[in-house]
Amino acid sequence: MTQEQKATIEGRIVDVLKTVYDPEIPVDIYELGMIYKIDVQPDGTVDIDMTFTAPNCPAADFILEDVRTKVEGVEGVKSATINLVFEPAWDQSMMSEEARVELGFD
């Protein structure tokens, strides 16, 4: 896999991550800053590190499965491993400017 192919796949992954929402927040998980790492391997496997806005998120299982299913549906991805991490702890500074405006923080 070339760097260009890897970048294309990463872009597609970001696009699908922008379709995943926490049911309680009207902003996608990517713009919220909940995705810490997207690592595309040459064999088409993908490792994603993500977090939640709160460790006790009631929709955690639903969101994790939605992420895995959508990422595995991306052309060029063979499988996806979604790692739930809490370091560093999520805070509002991780949101994009778009998310901050949408949620009224700016």
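In the block above lies the structure referred to throughout.
Nothing here was measured: the structure is a model prediction, and the numbers come from that model. (Residues numbered from 1 in each chain as written. Predicted model: local features only at pLDDT ≥ 70, side-chain atom pairs only at ≥ 80, totals over all residues. Heavy atoms only, no water.)

Draft legend 1. Region of the structure containing helix α2 (residues 60-72). For α2, spanning 13 residues, the distance from its first C-alpha to its last is 18 Å, which sits close to the expected 18 Å at 1.5 Å a residue. By the burial criterion, the buried members of α2 are A60, I63, L64, D66, V67 and V71. In an axial view of α2, the angular spread of the buried residues amounts to 160°, which keeps them on one side of the axis. Facing away from the buried surface of α2 by more than 90 degrees, the exposed residues are D61 and F62. Looking at the buried side of α2, the elements it contacts are α1 (3-17), β2 (45-50) and β3 (79-84). (Helix = DSSP H or I, 4+ residues; strand = E, 2+ residues; numbered from the N terminus. Expected span 1.5 Å × (residues − 1). Buried < 20%, exposed > 50% of the residue type's maximum accessible area, 1.4 Å probe, protein only. Arc of directions from axis to C-beta. Contact = heavy atoms within 4.5 Å.)

Draft legend 2. Main features of the nonpolar core. Counting 29 residues, the largest nonpolar core has I13, I29, M50, I63, V67 and V71 as the members making the most contacts within it. If you list the elements that add at least two residues to this core, you get α1, β1 (35-40), β2, α2 and β3. Per-element accounting of this core gives the leading share, five residues, to α2. Apart from residues lying up to four places away in sequence, I63 is in contact with V20, Y21, D22, P23, I29, M50, F52 and C57. (Core = buried A, V, L, I, M, F, W, Y, C linked by side-chain atoms within 4.5 Å.)

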